[in-house]
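# Remarks on the overall topology
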Amino acid sequence: MLNRSKLPLFLAIAALAVPFAVATPASAKGNKIISMIDTDNDGTIDLKEVQAVASAKFDALEGDKDGTLDAKELKGRGGKKVIAEADPDKDGTIDKKEYLALVESRFKAADPDNDGTLDAAELKTPAGKALVKLLK
Ligand SMILES: [Ca+2]
Ligand SMILES: [Ca+2]
Ligand SMILES: [Ca+2]
Ligand SMILES: [Ca+2]
């Protein structure tokens, strides 16, 4: 009698546990990106952390050291499309200020709850992925 009444509860717990277990690999993948950017280790990334990574990424992408990113240097990250989006002075290249402004606008687009930080779930949205593309 006692065992029989406990059985439905056990099944309910098992049913809850299964989708949770399935969701784990995806969130672990999000956390990998976070751990790359999250220098203060609080589990989320803020704009300051993102801009530090973006600044280092800009320097790494900048192969010819002329201070700007051209379509060739942005290959694989959107190329000309990114330049069209982030080039307010229309000189056909992106300088570091323009790159960081683009990163900031993508950060804000990826932060719909406006708490100033991005968590793993926000990084998995299309806007979050667009931001990560500028950082990896
Ligand atoms: Ca952080
Ligand atoms: Ca360059
Ligand atoms: Ca420019
Ligand atoms: Ca947020």
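In the nomenclature of an unreviewed UniProt entry, the protein chain is known as EF-hand domain-containing protein of Methylobacterium bullatum.

## Thoughts on the environment of Lys 108
Checked against the element boundaries, Lys 108 lands in helix H4 (residues 96-109). Looking at Lys 108, the relative accessible area reads 53%, which means it is exposed. Separated by 23 residues in the primary sequence, Lys 108 and Leu 131 place their C-alpha atoms 9.5 Å from one another.

## Quick word on the coordination of the calcium ion (ligand 3)
The protein atoms donating to the calcium ion (ligand 3) are Asp 87 (OD), Asp 89 (OD), Asp 91 (OD), Thr 93 (O), Glu 98 (OE) and Glu 98 (OE), with metal-donor distances spanning 2.1 to 2.5 Å. All donor residues of the calcium ion (ligand 3) come from one chain, and their arrangement in sequence is D-x1-D-x1-D-x1-T-x4-E.

## A short note on helix H6 (residues 126-133)
Within the span of H6, buried status applies to Gly 128, Leu 131 and Val 132. Seen from one end, H6 has its buried residues packed into an arc of 100°, which puts them on one side. Exposed and facing more than 90 degrees away from the buried side of H6 are Pro 126 and Lys 129.

## Re H4
Taking 1.5 Å of rise per residue, the 14 residues of H4 would be expected to cover 20 Å, and the 20 Å separating its terminal C-alpha atoms lies within 8% of that figure. In this structure Asp 95 caps H4, since a side-chain oxygen of it lies 3.2 Å from the backbone nitrogen of Lys 97.

## Things to note about the UniProt feature "domain: EF-hand" (unreviewed entry) in the protein chain
The UniProt feature table records "domain: EF-hand" (unreviewed entry) at residues 25-60 and 80-109. As a span, residues 80-109 carries 70% helix and 7% strand, and end to end its C-alpha atoms are 21 Å apart.

## Looking at the coordination of the calcium ion (ligand 2)
The coordination sphere of the calcium ion (ligand 2), as far as protein atoms go, consists of Glu 62 (OE), Asp 64 (OD), Asp 66 (OD), Thr 68 (O), Glu 73 (OE) and Glu 73 (OE), spread over 2.1 to 2.5 Å. Classification of the site at the calcium ion (ligand 2) rests on its six donor atoms, whose angles at the metal span 53 to 159°, yielding the label irregular. Expressed as a motif, the donor residue spacing for the calcium ion (ligand 2) is E-x1-D-x1-D-x1-T-x4-E. The class for Asp 66 is partly exposed, based on a relative accessible area of 46%. Its relative accessible area of 12% is what places Glu 73 among the buried residues.

## A short note on unusual backbone geometry
The phi torsion at Asn 41 lies on the positive side, around 55°, for a residue other than glycine. Mapped onto the secondary structure, Asn 41 falls in the loop between helix H1 (2-37) and strand E1 (45-46). We classify Asn 41 as exposed; its relative accessible area is 64%.

## What about the side chain of Glu 62?
In this structure, Glu 62 sits in the loop between helix H2 (47-61) and strand E2 (68-69). With no salt bridge to any partner, buried Glu 62 finds its closest opposite charge in Lys 65, at an N-O distance of 5.9 Å. With residues near it in sequence (within four places) discarded, Glu 62 still touches Gly 67, Thr 68, Leu 69 and Glu 73.

## A closer look at the pattern of salt bridges
A complete count under the given rule lists three salt bridges for this structure. In this structure, Glu 85 and Arg 106 form a salt bridge, with 3.0 Å as the shortest nitrogen-oxygen distance. Highlighted residues: Glu 85 in helix H3 (residues 80-86) and Arg 106 in helix H4, separated in sequence by 21 residues. Put simply, Lys 108 and Glu 104 hold a salt bridge, and the shortest N to O gap is 3.0 Å. Linking Lys 108 with Glu 104, this pair stays in helix H4, spanning four residues, or about one helical turn.

Here is what the cut-offs are and how they apply
Residues numbered from 1 in each chain as written. Chains lettered and ligands numbered in written order. Predicted model: local features only at pLDDT ≥ 70, side-chain atom pairs only at ≥ 80, totals over all residues. Heavy atoms only, no water. Helix = DSSP H or I, 4+ residues; strand = E, 2+ residues; numbered from the N terminus. Buried < 20%, exposed > 50% of the residue type's maximum accessible area, 1.4 Å probe, protein only. Donors = N, O, S within 2.8 Å, 3.2 Å for Na, K, Ca; no water. Arc of directions from axis to C-beta. Expected span 1.5 Å × (residues − 1). Polar contact = N/O pair within 3.5 Å; in protein donor to acceptor, adjacent residues only side chain to side chain. UniProt positions renumbered as here; feature names shortened; annotations may be inferred. Tetrahedral: all angles 85-135°; square planar, octahedral: opposite > 155°, others 65-115°. Lys, Arg positive; Asp, Glu negative; His and termini not counted. Salt bridge = Lys/Arg side-chain N within 4 Å of Asp/Glu carboxyl O. Contact = heavy atoms within 4.5 Å.

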